[in-house]
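Notes for the structure review
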Amino acid sequence: MNDQRLCWICEENVANTSEHALKRSDIVRAYGKGSYHNLKGKQPIHFKNGKQTKLQGANSDVIKNPKDLCKQCNNTLSQPYDRAYDNFIEYVVNNSELILERRFIDFAEIYGEDFPTQQSNLFKYFIKSFGCRIYANPDFNVPQDLISIIRNNLTHFSTGLKITMSIKNEVINYLGKQCFDFIGKSELLYYNLEDCPNQFRFSFSEHIGWFFINYFYLTPINERSGVEWISDRKVIFIGEI
Ligand SMILES: [Zn+2]
């Protein structure tokens, strides 16, 4: 029974909650909290593996991962990470013209003086999102370097995970600049490391409208997708894909 898997963060408690594959707050921002039935033609549609499902609401099982975290790790431990992400995306949505014009984001403009802690929390949110995506596939384990950062709330670390952020003009041309209700993830790409059969490289992207967050684990980054970031810099330069 895959119900009995352990939480991938603490590796102690049974995983009895599931992280949304698409973040609930992103769906609520775009579509609201209630039932999506009465949105009629605007009811969000979820596409996965060529299959379409109409979303009934922000808590729909369609957008949930299998159970992957214990309550404590999903709520108490990672709450500051989730909040840092929500503030970040809110900034992106509210400052989209500025971001498109100058192509960088200064974390001090989002988080104020507390930016060192908050940008580190944001990176830990990306680790959580990455980990849940990997763990949703029973063949993969979440890499230990990432578990250690998030479990011990480390502030200084090295890791195989690199994040870049980019603009996708194709989306703007197709849907316009305010298309932040177009939310999704790209396919998870993975490759076996030649010399180590149990270790994989991974890459995928998540996006809110035209704004893409790109994940590279032990994979050379796509340099055009932006400058790599592991919460070590106050400013992130944004690429174009
Ligand atoms: Zn746990």
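Structure first, text after, so check above.
All residue numbers refer to position in the chain's written sequence, counted from 1. Only residues with pLDDT of at least 70 are given local features in this predicted model, and only at 80 or more are side-chain atom pairs given and counted; all residues enter the totals for whole chains, interfaces and linings.

Here the focus is the overall build of the protein chain. The helix count covers DSSP runs of H or I at least four residues long, the strand count covers runs of E at least two residues long, and both are numbered beginning at the N terminus. Scanning the protein chain from N- to C-terminus turns up eight helices and ten strands. Along the first, second and third principal axes, the C-alpha set of the protein chain runs to 45 × 40 × 35 Å. The buried share of the protein chain, reckoned over its 241 residues, is 34%. The exposure label follows from counting other C-beta atoms within 10 Å of a residue's C-beta, where the C-beta atoms are placed from the backbone and the thresholds are 20 or more for buried and 12 or fewer for exposed, leaving partly exposed in between.

In this section: the packing of helix α3 (residues 79-94) against helix α6 (residues 115-135). Helix axes are fitted only over the stretch in contact, all axes being lines through C-alpha atoms; the angle between N-to-C directions runs from 0 to 180 degrees. With their axes 7 Å apart at the nearest point, α3 and α6 run at an angle of 105° to one another. Regarding the angle of α3 to α6, the classification is roughly perpendicular. Here P80, Y81, D82, A84, Y85 and F88 of α3 come into contact with α6, specifically with Q118, N121, L122, K124, Y125 and K128. The classification used treats Ala, Val, Leu, Ile, Met, Phe, Trp, Tyr, Cys and Pro as nonpolar, Asp, Glu, Lys and Arg as charged, and all other residues, Gly among them, as polar. Here the residues of the contact of α3 with α6 sort into seven nonpolar, two polar and three charged. Roughly parallel covers angles under 35 degrees, roughly antiparallel covers those over 145, roughly perpendicular covers 65 to 115, and oblique covers all other angles. What counts as a contact is two residues whose backbone-derived C-beta atoms lie within 7 Å of each other.

The tendency in soluble globular proteins is for nonpolar side chains to be buried side by side. F126 and I127 are the most contacted members of the largest nonpolar core, which totals 48 residues. Elements supplying a minimum of two residues to this core: α2 (71-77), α3, α5 (107-111), α6, α7 (144-151), β4 (161-167), β7 (196-208) and β8 (211-217). Element by element, the count of residues in this core is highest for α6, at nine residues. Excluding residues within four positions of it along the chain, I127 makes contact with L146, I149, I150 and L161. For this analysis, nonpolar core means a set of buried Ala, Val, Leu, Ile, Met, Phe, Trp, Tyr and Cys residues linked through C-beta atoms within 7 Å.

Another point: the environment of I221. Along the chain, I221 falls in the loop between β8 and β9 (235-237). Residue classification places I221 among the partly exposed positions, given that 18 C-beta atoms sit within 10 Å. The sequence separation of I221 and L161 amounts to 60 residues, and the corresponding C-alpha distance is 9.9 Å. If we skip the residues at most four places from it in the chain, I221 touches K162, T164, F216 and E228.

Below, the discussion takes up the pairing of strand β6 (residues 189-193). Burial runs low along β6: only zero of the five residues are buried. The sheet contact formed by β6 and β7 spans five bridges and is antiparallel. Bridge assignment links L189 to a residue of β7, and that residue is S203. Linkage of β6 to β7, two consecutive antiparallel strands, is achieved through a turn of two residues. DSSP bridges decide pairing: two strands pair if at least two such bridges lie between them.

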